[in-house]
Amino acid sequence: VQLQASGGGLVQAGGSLRLSCTASGRTFSGYAMGWFRQAPGKGRESVAAINWSGGITYYTDSVKGRFTIPRDNAKDTVTLQMNSLQPEDTAMYYCAANRLWVTLATRYDYWGQGTLVTVSS
């Protein structure tokens, strides 16, 4: 499956951004999807994940209550809605897909290119 991420940009603290990831090449609904981020000098962090049906979601503690990860299987798209953004959310964000429900970045098989999110204070 091929993944295309978009929607990054520069936003002030307290603002919102919506990242989108569109899949092609395989049956999107057969995959768990995740969003991950990597800040300069740091490892890749799991941000949020959603299973194939949308019935199971995962959020890392630092984004709970601020980020959501809806998916639209009819449009082959998963979104990361980010609200109340903080400077510590600044990172390159990646979407990824996996046939099984997992949350660790190392378990995901298919990756999109990153989209940069910068939050100014």
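Our structure is the block above this text.
Computed from a predicted model, the values in this text were never measured in an experiment.

J.: Is there a simple way to think about the packing of aromatic side chains in this case?
T.: To describe a pair of aromatic rings, one takes the distance between the centres and the angle between the planes. Evaluation of the coordinates by the stated rule reveals five aromatic pairs. Taking the centre distance of 5.9 Å and the plane angle of 80 degrees together, the rings of Tyr-31 and Tyr-110 count as edge-to-face. Here Tyr-110 lies in strand E11 (residues 110–111) and Tyr-31 lies in the loop between strand E3 (17–24) and strand E4 (32–38), a separation of 79 residues in the sequence. Among the residues examined, Tyr-31 registers a relative accessible area of 3% and is labelled buried. Aromatic ring contacts, followed pair by pair, group Phe-36, Tyr-94, Tyr-108 and Trp-111 into a single cluster. Positioned over the ring face of Phe-28 is Arg-71, at 4.4 Å from the centre of the ring. When the ring centre of Tyr-31 is taken as origin, the NZ or CZ atom of Arg-99, which lies over that ring, is 5.0 Å away.

J.: So what exactly am I meant to see when it comes to the pairing of strand E5 (residues 45–50) here?
T.: The side chains of a regular strand alternate, first on one face of the sheet and then on the other. Across the six residues that make up E5, a large majority, five, are buried. Of the strand pairs in this sheet, E4 and E5 are connected by five bridges, and their pairing is antiparallel. Residue Gly-34 lies in a different strand from E5, and its bridge partner there is Ala-49. As consecutive antiparallel partners, E4 and E5 are separated by six residues, and within that stretch Gly-41 has a phi angle of approximately 80 degrees, a positive value. Bridge analysis of E5 against strand E6 (residues 57–59) gives three bridges, and the strand direction is antiparallel. Looking at E6, one finds that Ile-50 is bridged to Thr-57. Here E5 folds back onto E6 in antiparallel fashion, the turn holding six residues, of which Gly-54 has a positive phi close to 90 degrees.

J.: Honestly, the environment of Thr-79 in this entry has me stumped. Any pointers?
T.: Inspection of the secondary structure assignment puts Thr-79 in strand E9 (residues 77–82). For Thr-79, a relative accessible area of 14% translates into the label buried. Distance from Thr-79 to Val-11, taken between C-alpha atoms, is 18 Å for residues 68 residues apart in sequence. Once you skip the residues sitting within four places of it in the chain, Thr-79 turns out to touch Arg-18, Leu-19, Ser-20, Trp-35, Thr-68, Ile-69 and Pro-70.

J.: Explain the nonpolar core here, please?
T.: It is characteristic of soluble globular proteins that their nonpolar side chains tend to be buried jointly. Counting 30 residues, the largest nonpolar core has Met-33, Trp-35, Leu-80, Met-82 and Tyr-93 as its most contacted members. Going through the elements one at a time, strand E1 (2–6), E3, E4, E5, E9, strand E10 (91–98) and strand E12 (115–120) are the ones with two or more residues in this core. Core analysis: the next-biggest nonpolar cluster, separate from the first, contains seven residues, Ala-32, Ala-96, Ala-105 and Tyr-108 among them.

J.: What should I look at first to understand the pattern of salt bridges in this one?
T.: Once their charged atoms are close, side chains differing in charge can pair, the charge on each being opposite to the other. Under the counting rule described, the total for this entry stands at four salt bridges. Two residues, Arg-66 and Asp-89, come together in a salt bridge whose shortest N-O distance is 2.8 Å. Placement of the pair is Arg-66 in the loop between E6 and strand E7 (67–68) and Asp-89 in the loop between E9 and E10, with a sequence separation of 23 residues. The same class applies to Arg-66 as to Asp-89, namely buried. Counted as one network, the salt bridges with shared partners bring together Arg-37, Glu-45, Arg-66 and Asp-89.

Criteria and thresholds
- Residues numbered from 1 in each chain as written.
- Predicted model: local features only at pLDDT ≥ 70, side-chain atom pairs only at ≥ 80, totals over all residues.
- Heavy atoms only, no water.
- Phe/Tyr/Trp six-rings, centres within 6.5 Å; stacked < 30°, edge-to-face > 60°.
- Helix = DSSP H or I, 4+ residues; strand = E, 2+ residues; numbered from the N terminus.
- Buried < 20%, exposed > 50% of the residue type's maximum accessible area, 1.4 Å probe, protein only.
- Lys NZ or Arg CZ within 6 Å of the ring centre and 35° of its normal.
- Pairing = 2+ DSSP bridges.
- Contact = heavy atoms within 4.5 Å.
- Core = buried A, V, L, I, M, F, W, Y, C linked by side-chain atoms within 4.5 Å.
- Salt bridge = Lys/Arg side-chain N within 4 Å of Asp/Glu carboxyl O.

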